[in-house]
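Residue-level structural notes
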Amino acid sequence: MTTVREARIIRRSDRRTTPWANGAGTTAEIAAGVASRWRFSVATLEAGSTFFSPFPGVDRIFTVIGDHPVSLDFGGGPTLIPRLSPTAFAGERGPDCVAEGPTEAFNVMVHRTTTAASVNIVDIGAAHDVDADGRLAALALVLGGRLTTDLGLVEPGDCLLVERGSVRVSGPASVVIAEILDRT
């Protein structure tokens, strides 16, 4: 039996940077699903105040991965979002955002009627599988250390995207693991 695998390393330098829909910042897209059902990206936030555009029908998970936390205000007062604390919210809610200093945030966006997502911060040691079986995609974004795979090394800022099958990785590395599930 042959196992089919669709996986690749996406280097930080290969990301396509685009302006936000509201013109208030930039996003570097890592990967997106068919018909834009899901998207992984990293936003660059400058110190100070900005706001997020609303995205009706979209669920978001926002995770600060840079050096400075941010506060999000959905209308009831600001909530501090510390580094490496995945924060889920409905895309209709375009919060005000205040970054305490220049920082970056990992974003997962999914169309809630067809997909769901999860984001976890994981320390990888000797061996771990990044597994897409039963999922539309699984992504490992390296924050620190590095991952060794049969596809090559995955350095800080780089990602391993698995859309079919699994990839065995070893560290040591601190990573964001994001998974996309099909709701259909």
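Definitions and limits used
Residues numbered from 1 in each chain as written. Predicted model: local features only at pLDDT ≥ 70, side-chain atom pairs only at ≥ 80, totals over all residues. Heavy atoms only, no water. Pairing = 2+ DSSP bridges. Helix = DSSP H or I, 4+ residues; strand = E, 2+ residues; numbered from the N terminus. Axes fitted to C-alpha atoms, helices over the stretch in contact; angles between N-to-C directions.

**A look at the pairing of strand β2 (residues 16-19)**
Examined bridge by bridge, β2 and strand β3 (residues 26-32) share four bridges and lie antiparallel to one another. From the neighbouring strand, R16 faces β3, where its bridge partner is E29. Linking β2 to β3, which pair antiparallel, is a turn of six residues; within it G23 sits at a positive phi near 75 degrees.

**Re the sheet that holds strand β19 (residues 173-182)**
Ordered in space as β1-β17-β14-β19-β12, the five strands form an open sheet in which the pairing is antiparallel. The sheet terminates laterally at β1 (6-10) and β12 (115-124), the two strands that pair on one side only. When the angles between neighbouring strand axes are averaged without regard to direction, this sheet yields 15 degrees. The pairing of β12 with β19 spans 10 bridges and is antiparallel. By the bridge assignment, V119 is partnered in β19 with A178.

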